[in-house]
Amino acid sequence: MAKVIEEQLKQCKKCEKTTKHYRNNSQSSGFMLLIHLVLTVVTVGIWLILVIVWKLLNTKIGGWRCSECSS
Ligand SMILES: [Zn+2]
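Note that the structure is a prediction, hence the values are computed from the model and not measured.

### As for the overall build of the protein
Turning to step 1, where the next piece is worked out: Tallying secondary structure elements over the protein gives two helices and three strands in all.
Turning to step 2, where the next piece is worked out: In the protein, the order of α-helices and β-strands from amino to carboxyl end is β-β-α-α-β.
Turning to step 3, where the next piece is worked out: In the protein, the share of contacts with a sequence separation of at least 24, taken over all contacts with a separation of at least 6, comes to 47%.
Turning to step 4, where the next piece is worked out: Carbon and sulfur atoms provide 64% of the accessible area of the protein, an area that totals close to 5900 Å².

Here it is in structure tokens:
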């Protein structure tokens with residue numbers, strides 16, 4: 001599976017300056033979409049709800065880590 005480390009300059013509250021932030025961003029491959037599709041069918045849509053909730057939470061938190069203080 002393709003794992004991409006994203007990098008972005010962001011304001012860190014802890015360092016009180018703009019530092020390099022990074023996060024792991026696993027790219028959705030066709031294979032993963034197929035797994036999601038199968039699991040959605042198997043769990044009668046429950047899986048899809050879980051994935052949506054998980055994606056929303058992940059987007060909200062962002063998953064960004066400061067490269068200097070790791071927060
Ligand atoms: Zn920091």
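### As for the pattern of salt bridges
Turning to step 1, where the next piece is worked out: The full count for this structure, using the stated rule, is three salt bridges.
Turning to step 2, where the next piece is worked out: The partner of Glu-7 in a salt bridge is Lys-20, with the nearest N and O atoms 3.8 Å apart. With Glu-7 in strand 1 (residues 3-12) and Lys-20 in strand 2 (residues 17-26), this pair connects stretches of sequence that are 13 residues apart.
Turning to step 3, where the next piece is worked out: Since its relative accessible area comes to 54%, Glu-7 is described here as exposed.

### A few points about the coordination of the zinc ion
Turning to step 1, where the next piece is worked out: The protein atoms that coordinate the zinc ion are Cys-12 (SG), Cys-15 (SG), Cys-66 (SG) and Cys-69 (SG), at distances of 2.2 to 2.3 Å.
Turning to step 2, where the next piece is worked out: Around the zinc ion, the four donor atoms sit at angles spanning 105 to 114°, and that spread fits a shape best called tetrahedral.
Turning to step 3, where the next piece is worked out: We note that the donor set of the zinc ion lies within a single chain, spaced as C-x2-C-x50-C-x2-C.
Turning to step 4, where the next piece is worked out: Using a relative accessible area of 0% as the deciding quantity, one classes Cys-66 as buried.

### Considerations on unusual backbone geometry
Generally, phi is negative for residues other than glycine and the peptide bonds are trans, each holding for most cases.
Turning to step 1, where the next piece is worked out: Positive phi values are uncommon outside glycine, yet Glu-16 reaches one of about 55°.
Turning to step 2, where the next piece is worked out: Examined against the element boundaries, Glu-16 turns out to sit in the loop between strand 1 and strand 2.
Turning to step 3, where the next piece is worked out: One non-glycine residue, Val-44, lies in positive phi territory at about 55°.
Turning to step 4, where the next piece is worked out: Note that Val-44 resides in the loop between helix 1 (30-42) and helix 2 (46-61).
Turning to step 5, where the next piece is worked out: Using a relative accessible area of 74% as the deciding quantity, one classes Val-44 as exposed.

Definitions and limits used
Residues numbered from 1 in each chain as written. Predicted model: local features only at pLDDT ≥ 70, side-chain atom pairs only at ≥ 80, totals over all residues. Heavy atoms only, no water. Helix = DSSP H or I, 4+ residues; strand = E, 2+ residues; numbered from the N terminus. Contact = heavy atoms within 4.5 Å. Areas by Shrake-Rupley, 256 points an atom, 1.4 Å probe, with all protein chains shown as cover. Salt bridge = Lys/Arg side-chain N within 4 Å of Asp/Glu carboxyl O. Buried < 20%, exposed > 50% of the residue type's maximum accessible area, 1.4 Å probe, protein only. Donors = N, O, S within 2.8 Å, 3.2 Å for Na, K, Ca; no water. Tetrahedral: all angles 85-135°; square planar, octahedral: opposite > 155°, others 65-115°.

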